[in-house]
Amino acid sequence: MTPDKPLPITKRMVWEAYQLVAGNGKAAGVDGQSLDEFAQDLGNNLYKLWNRMASGSYLPPAVKRVEIPKANGGIRPLGIPTVADRVAQMVVKQYLEPGLDRVFDPDSYGYRPGKSAHLAIGQTRKRCWDYDWALDLDIKGFFDTIDHALLMRALRKHCQEPWVLLYVERWLKAPVEMPGGAIQKREAGTPQGGVVSPLLANLFLHYAFDTWMRRTFPRIPFERYADDAICHCRTRQEAEHLKAVLEKRLADCHLTLHPQKTQVVYCKDSNRRGTHPQVHFTFLGFTFRPRMAKNRWGKLFTCFLPAVSPQALARMRERIRSWRLPQHAPLPLADIARILNPVLQGWWQYYGRFYPTELWKLFTYFDERLGAWLRRKYKPLKRHRGRSLRRLNGIAKRNPSLFVHWARLGHATVG
């Protein structure tokens, strides 16, 4: 405990929390202060935050609500805390996470050290080969509907530190500043965008879902990433029964299964007979469905496999369109590659891990836009699509490392 402070929060804890926060989003909260502005008077800002936290007088400000359009046309509400509040939340997260992570289920993959979406996708793929049926779960408005009393009960099971419980409770009750400026009280939920929210959400679902599944349906494996989950069943009847029972279980925890998005799926492949209306599901940006594959002898067969989802492809194509490459004809190609390669690399690293041939459709589209850039840049190529794409291929063969996807193919994907 700090000698003259009632709570055992040290300056080092606050400093280390700031270092972790500084590597992430720079958006400002309700006070309008960005991460860069916070850093301009860093010593004073961190000292004031430590002083208030260690004395127990820190009161979280309202969370700024930002609404992000979803691919399906809906809205994803994010809560952006102030920079100081993000640091304060990180102090608590760093204290809580090591102990909580040890009790979490091995098939809980979201927002955990040593876990990832790719590990979840890989395990889902394997189990879809072993089990004929899958239940694709979607919890409606999960982060906004977490019951505070149930969450605090779960937290007290693993943490008796009064200062941790004090601040978590304050964050749960912190009001929300709506896009129009109105301040709204929060009776349930934890902001999607808060530093400590993913850890609290995992703790809630650990008891609402994970441990309940292990106890009630020990023969049904699952993968959960935050509030997205896939359960694997032997028969359609088993999957339908699980869906009905889970609906009641989650209702007891004040959560609601999305009636349209929660679905029973037949993992159809060459060896599975019969039909079912639903033979695909999307999990973490990958669509699982029957796809052509080759066995070790080169023979084609149908396998139930994940690949980048059509929705993700559409979003990335829209991003490429927004770059308006032909309008940047004055720029050298090397400058375009330097600016855009980090984005292309990110797409390849995430979506190229499974069934990468689907992702080549995106890179083909990107190279077509580069062809349009060439036609705008060089007048002799104007209105000559074929010639411009052949020239692009020549550039790719001479400079295969210029773009991320060229480095893997040694040529452009068109022409």
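Scroll up to find the structure this text is about.
What counts as what
- Residues numbered from 1 in each chain as written.
- Predicted model: local features only at pLDDT ≥ 70, side-chain atom pairs only at ≥ 80, totals over all residues.
- Heavy atoms only, no water.
- Helix = DSSP H or I, 4+ residues; strand = E, 2+ residues; numbered from the N terminus.
- Buried < 20%, exposed > 50% of the residue type's maximum accessible area, 1.4 Å probe, protein only.
- Contact = heavy atoms within 4.5 Å.
- Areas by Shrake-Rupley, 256 points an atom, 1.4 Å probe, with all protein chains shown as cover.
- Lys, Arg positive; Asp, Glu negative; His and termini not counted.
- Charge placed at Lys NZ, Arg CZ, Asp CG, Glu CD.
- Polar contact = N/O pair within 3.5 Å; in protein donor to acceptor, adjacent residues only side chain to side chain.
- Axes fitted to C-alpha atoms, helices over the stretch in contact; angles between N-to-C directions.
- Parallel < 35°, antiparallel > 145°, perpendicular 65-115°, else oblique.
- 1 Å grid on protein atoms, 1.4 Å probe; cavity = no way out; pocket = protein on both sides within 12 Å on 5 of 7 lines; lining within 4 Å.
- Points joined across faces, edges and corners; volume = space filled by probe spheres on them.
- Pairing = 2+ DSSP bridges.

K.L.:
Please clarify how the overall build of the protein should be interpreted in this entry.
P.N.:
Looking only at helices and strands, the protein has 15 helices and 11 strands in total. By its C-alpha atoms, the protein is 75 × 60 × 40 Å across when sized along the principal axes. By the burial criterion, 49% of the 415 residues in the protein qualify as buried. Contacts spanning at least 24 positions in sequence make up 66% of the contacts within the protein whose residues lie at least 6 apart. Of the roughly 20,500 Å² of accessible surface on the protein, 52% is carried by carbon and sulfur atoms. Seen as two clouds, the 66 positive and the 36 negative side-chain charges of the protein have centres 10 Å apart.

K.L.:
Whenever I open this one, the side chain of Glu-358 confuses me. Can you help?
P.N.:
If you trace the backbone, Glu-358 turns up in helix 13 (residues 357-377). Separated by 3.1 Å, the side chains of Glu-358 and Lys-361 make a polar contact. Sequence-distant contacts of Glu-358, defined by excluding residues within four places in its chain, comprise Arg-289, Arg-291, Ala-307, Val-308 and Leu-313.

K.L.:
Sorry if this is basic, but what is going on with the environment of Pro-77 here?
P.N.:
Tracing the backbone through its elements, the reader meets Pro-77 in strand 2 (residues 75-80). Spatially, the C-alpha atoms of Pro-77 and Glu-358 are 30 Å apart, while their sequence positions differ by 281 residues. Here Pro-77 is in contact with Arg-65, Val-66, Asp-144 and Gln-192, once residues within four sequence places are set aside.

K.L.:
Can you walk me through the packing of helix 7 (residues 148-158) against helix 9 (residues 197-216) in this structure?
P.N.:
A pair of packed helices is captured by two measures, namely the crossing angle of their axes and the spacing between those axes. The contact between helix 7 and helix 9 brings their axes to 9 Å, and the two run at 90 degrees. Regarding the angle of helix 7 to helix 9, the classification is roughly perpendicular. Taken together, the residues of helix 9 that come into contact with helix 7 (itself represented by Leu-150, Leu-151, Ala-154, Leu-155, Lys-157 and His-158) are Leu-200, Leu-203, Phe-204 and Tyr-207.

K.L.:
Looking at this structure, how should I read empty space enclosed by the protein?
P.N.:
Rolled over the atoms, a probe as big as a water molecule pinpoints where empty space is left. Under the defined criterion, the tally for this structure stands at 2 cavities of 30 Å³ or more. A volume near 70 Å³ is recorded for the largest cavity. Lining the largest cavity are 13 residues, with Gln-89, Trp-171, Thr-190, Pro-191 and Ser-197 sitting closest to its centre. At the level of elements, helix 8 (162-173) and helix 9 are the ones that each hand at least two residues to the lining of the largest cavity. Looking at the lining of the largest cavity, the element that brings in the most residues is helix 8, giving 3 residues.

K.L.:
What is the right way to read the sheet that holds strand 10 (residues 286-294) from this model?
P.N.:
Where strands meet in a sheet, backbone hydrogen bonds hold them as pairs that are either parallel or antiparallel. Reading across the sheet, the 3 strands line up as 9-10-11 and stay open at both edges, with antiparallel pairing between neighbours. The open sheet has two edge strands with one neighbour each: strand 9 (281-283) and strand 11 (300-308). Strand-to-strand twist in this sheet, taken as the mean axis angle between neighbours without regard to direction, amounts to 50 degrees. The pairing of strand 9 with strand 10 spans 3 bridges and is antiparallel. Paired with Phe-281 across the strands is Phe-288, a residue of strand 10. Most of the contacts of helix 11 (residues 310-323) go to strand 11, to which it runs at about 50 degrees, and overall it touches strand 9, strand 10 and strand 11.

K.L.:
Any chance you could explain the sheet that holds strand 1 (residues 63-69) here in plain terms?
P.N.:
Spatial strand order, 2-1-4-5: 4 strands in an open sheet with mixed pairing. The sheet terminates laterally at strand 2 and strand 5 (183-184), the two strands that pair on one side only. Sheet topology places strand 1 next to strand 4 (residues 176-177); 2 bridges connect them, and they run parallel. Bridging from a neighbouring strand, Val-63 pairs with Val-176 of strand 4.

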